[in-house]
Amino acid sequence: MANCAIVGINWGDEGKGRMVDLLTQDYDVVVRYQGGGNAGHTVINEHGKFALHLLPSGIFRKGVVNILGNGVALDPENLWIEMQQVMAQGVTLTPDNLKISDRALLLLPWHRLLDELEEQRLADKQFGSTKQGIAPFYADKFAKKTVLAGELFYPEQLHAHLIDLMEWKNLTLTRVYGAEPFTLEQLENWLSAYCEKIKPYICNTGAFLKSAQRDGKRILFEAQLGSLRDLDYGIHPYTTSSNTLAAYAPIGSGLPSARIDRVVGVVKAYSTCVGEGPFVCEIFGEEARLLRDAGGEYGAKTGRPRRVGPIDLVATRYGVEVQAATEIALTKLDVLSYMEKIPLCTQYELSGEKTDQFPFPTALAGAKPVIEWMDGWMCDLSDIREWHELPLAARRYVEAIEEAIRCPITYVSVGPERDSMIIRK
Ligand code: GDP
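First, a word on what this report is: a plain description of the structure on this page. Predicted model only: the values in this text are computed from it and were never measured.

Parameters and conventions
Residues numbered from 1 in each chain as written. Predicted model: local features only at pLDDT ≥ 70, side-chain atom pairs only at ≥ 80, totals over all residues. Heavy atoms only, no water. Helix = DSSP H or I, 4+ residues; strand = E, 2+ residues; numbered from the N terminus. Buried < 20%, exposed > 50% of the residue type's maximum accessible area, 1.4 Å probe, protein only. Contact = heavy atoms within 4.5 Å. Areas by Shrake-Rupley, 256 points an atom, 1.4 Å probe, with all protein chains shown as cover. Phe/Tyr/Trp six-rings, centres within 6.5 Å; stacked < 30°, edge-to-face > 60°. Lys NZ or Arg CZ within 6 Å of the ring centre and 35° of its normal. Near = heavy atom within 4 Å. Polar contact = N/O pair within 3.5 Å; in protein donor to acceptor, adjacent residues only side chain to side chain. Pairing = 2+ DSSP bridges. Axes fitted to C-alpha atoms, helices over the stretch in contact; angles between N-to-C directions. Parallel < 35°, antiparallel > 145°, perpendicular 65-115°, else oblique. Nonpolar A, V, L, I, M, F, W, Y, C, P; charged D, E, K, R; others polar.

1. A short note on the overall build of the chain
Alright, step 1. Across its full length, the chain carries 12 helices and 20 strands.
Alright, step 2. Across the 425 residues of the chain, 58% fall into the buried class.
Alright, step 3. Nonlocal contacts in the chain, meaning residues at least 24 apart in sequence, comprise 76% of its contacts between residues at least 6 apart.
Alright, step 4. Of the roughly 17800 Å² of accessible surface on the chain, a fraction of 51% belongs to carbon and sulfur atoms.

2. Details of the packing of aromatic side chains
Alright, step 1. All chains considered together, the criterion is met by 8 aromatic pairs.
Alright, step 2. With 6.4 Å between their ring centres and 50 degrees between their planes, Tyr33 and Tyr248 make a pair best called tilted. With Tyr33 in the loop between β2 (29-32) and β3 (41-45) and Tyr248 in the loop between β10 (219-226) and α8 (249-253), this residue pair connects regions lying 215 residues apart in the sequence. The same class applies to Tyr33 and to Tyr248, which are both buried.
Alright, step 3. Relative to Phe60, the ring of Phe50 lies with its centre 4.5 Å away and its plane at 45 degrees, an arrangement referred to as tilted. Taken together, the residues span a long stretch of sequence, with Phe50 in strand β4 (residues 48-52) and Phe60 in the loop between β4 and β5 (65-68) at a distance of 10 residues.
Alright, step 4. The class of Phe50 is buried, set by a relative accessible area of 3%.
Alright, step 5. A relative accessible area of 6% means that Phe60 is categorised as buried.
Alright, step 6. One aromatic cluster is present, built from ring pairs that chain together Tyr318, Tyr348 and Phe358.
Alright, step 7. Here Lys99 stacks its cationic end above the ring of Phe208, 5.2 Å away from the centre of that ring.
Alright, step 8. Residue placement shows Lys145 over the ring face of Trp168; its charged tip is 4.7 Å from the ring centre.

3. Looking at the site of the ligand
Alright, step 1. Lys16, Gly40, Thr42, Asp334 and Ser413 are the nearest of the 18 residues found near the ligand.
Alright, step 2. One of the backbone N or O atoms of Glu14 is found 3.1 Å from an oxygen atom in the ligand.
Alright, step 3. Within the backbone of Gly17, one N or O atom sits 2.8 Å away from an oxygen atom of the ligand.
Alright, step 4. Taking 580 Å² as the accessible area of the ligand by itself, protein coverage stands at 91%.

4. A short note on the sheet that holds strand β15 (residues 327-331)
Alright, step 1. A sheet is described by the order of its strands in space; here 10 strands give the open sequence β9-β7-β5-β2-β10-β1-β11-β15-β19-β20, paired in mixed fashion. Among the strands making up the open sheet, the edge pair consists of β9 (202-203) and β20 (421-423).
Alright, step 2. Examined bridge by bridge, β5 and strand β7 (residues 98-101) share 3 bridges and lie parallel to one another. If you follow Ile67 over to β7, its bridge partner there is Lys99.

5. Some thoughts on the pairing of strand β11 (residues 262-268)
Alright, step 1. Taking burial as the measure, the 7 residues of β11 include 7 buried ones, the bulk of the element.
Alright, step 2. Burial along β11 is two-sided: Arg262, Val264, Val266 and Lys268 and Val263, Gly265 and Val267, pointing in opposite directions, are all buried.
Alright, step 3. Where strand β1 (residues 4-8) meets β11, 5 bridges bridge the pair, whose relative direction is parallel. Residue pairing for β11: Ala5 is matched across the bridge by Val263.
Alright, step 4. Relative to β15, β11 runs parallel, the two sharing 5 bridges. Residue pairing for β15: Lys268 is matched across the bridge by Thr331.

6. Thoughts on helix α1 (residues 16-23)
Alright, step 1. The element α1 is largely enclosed, with a buried count of 8 among its 8 residues.
Alright, step 2. For α1, every residue scored as buried is listed here: Lys16, Gly17, Arg18, Met19, Val20, Asp21, Leu22 and Leu23.

7. Re the pairing of β1
Alright, step 1. For β1, the tally of buried residues reaches 5 of 5 residues, placing the bulk of the element in the interior.
Alright, step 2. Burial of the side chains of β1 extends over both faces: Cys4, Ile6 and Gly8 are buried on one face and Ala5 and Val7 on the other.
Alright, step 3. Of the strand pairs in this sheet, β1 and β10 are connected by 4 bridges, and their pairing is parallel. Note on β10: the bridge partner recorded for Cys4 is Leu220.

8. Here's the deal with the side chain of Gln34
Alright, step 1. Looking at where Gln34 falls in the secondary structure, it is placed in the loop between β2 and β3.
Alright, step 2. Classification of Gln34 as buried rests on a relative accessible area of 0%.
Alright, step 3. Among the polar contacts made by the side chain of Gln34, one reaches the side chain of Ser242 at a distance of 3.1 Å.
Alright, step 4. Sequence-distant contacts of Gln34, that is, excluding residues within four places in its chain, are made with Gly71, Val72, Tyr138, Ala223, Gln224, Ser242, Asn243, Thr244 and Tyr248.

9. Looking at the packing of helix α3 (residues 109-122) against helix α5 (residues 155-176)
Alright, step 1. The N-to-C vectors of α3 and α5 enclose an angle of 10 degrees; their axes lie 12 Å apart at closest approach. In terms of axis orientation, α3 runs roughly parallel to α5. Mapping the contact onto sequence places Trp110, Leu113, Leu114 and Leu117 in α3 and Leu162, Leu165, Met166, Lys169, Thr172 and Leu173 in α5.
Alright, step 2. Residues that form the contact of α3 with α5 fall into these classes: 8 nonpolar, 1 polar and 1 charged.

10. Thoughts on unusual backbone geometry
Alright, step 1. In this chain, His236 is followed by Pro237 through a cis amide linkage whose omega measures 5 degrees.
Alright, step 2. Tracing the backbone through its elements, the reader meets Pro237 in the loop between β10 and α8.
Alright, step 3. Even without being glycine, Arg406 reaches a positive phi, approximately 55 degrees.
Alright, step 4. If you trace the backbone, Arg406 turns up in the loop between α12 (392-405) and β19 (409-413).
Alright, step 5. Relative accessible area serves as the criterion here: at 61%, Arg406 is assigned to the exposed category.

Set out below in structure tokens:
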């Protein structure tokens, strides 16, 4: 089994966590290569139910080495809290099964505060940030105004570096936002309460990955969020601040020489979206509530109700293209079982013309969905494990999506548990 990336095709929350959890049985190493603690991957297995934010979803498998790559927004506080929660549920974490890149940059204590202050300033023009400090972190990463995790091994230099950064950041906090400045004491508390705890896990993961590659180990690259949230290819400015595409996996993982042979794109059987921004196929009112409740569509991190709609084939086809997906996992088909007729957004109408093309971000707000309907199946799918046992209407629905997005659907999931999966190969 060659290298594989698991990525989201849409707006995130497609069910990537459970796909990584399933596929890790065939892989030796799982790497998170971008993003931070601002979204959650839900995994349900023999240890219980987990909402992972930073930890790779391979941590439940014995023998799998999990890596937080250099592309991740490494938040020591959130990571340590999450590690403690997972360990309390019976999962073993050691420097052998969890490794943090010494080249990952630290999300500093003021990043979260800055996120909050900026959302307050924006008032009703908010982007719907999860206020985890992700945008301020990545802004500072590219401005080279944060520190590498590996600097924790050089305490003297680190101290001087952090004081410089704090003095600089206090200018923004006090003069731009009128907030209290950060103090050295706060920084020291943060270092000892969180950074010291994660320090034993920090190492040269690039060297580890290179030797894993030489030894023919199978590597799984795990993405957060989806194509439409990619900083460069998504629905700017309603994107995240990192690259969610599979093409970024080699860079953000610490293995720039990696070739990704297999890209499993995860698509939900309907659409959901968290936060602000254009969402062409959105539905409202009672119809939306029914779908939201059937799918349990409330944010894993924030509990916010997600915006919902029918599957958007225009956006999904675009997502498949930019991810260069080689196959698709379609999740949550079971959620649609209550619908007599199932809507699909097959095209957009833009300035009176129908189009199959995903528009330029600024034009997206003016797009209207073109809806077609297919027959529903109106029965429970959750115990089905074989493709041919699915009702004909369900197979037709899956095949219609497959044809529209021009990519084979090899997995169809019919429930949240590890084995609620139809493998179509
Ligand atoms: P991720 O961030 O892409 O991993 O997505 P989420 O954490 O939002 O996961 C999707 C949610 O749907 C989780 O609560 C999963 O347990 C659940 N889920 C995943 N696949 C299925 C499925 O096929 N059917 C149902 N009913 N729930 C699913």
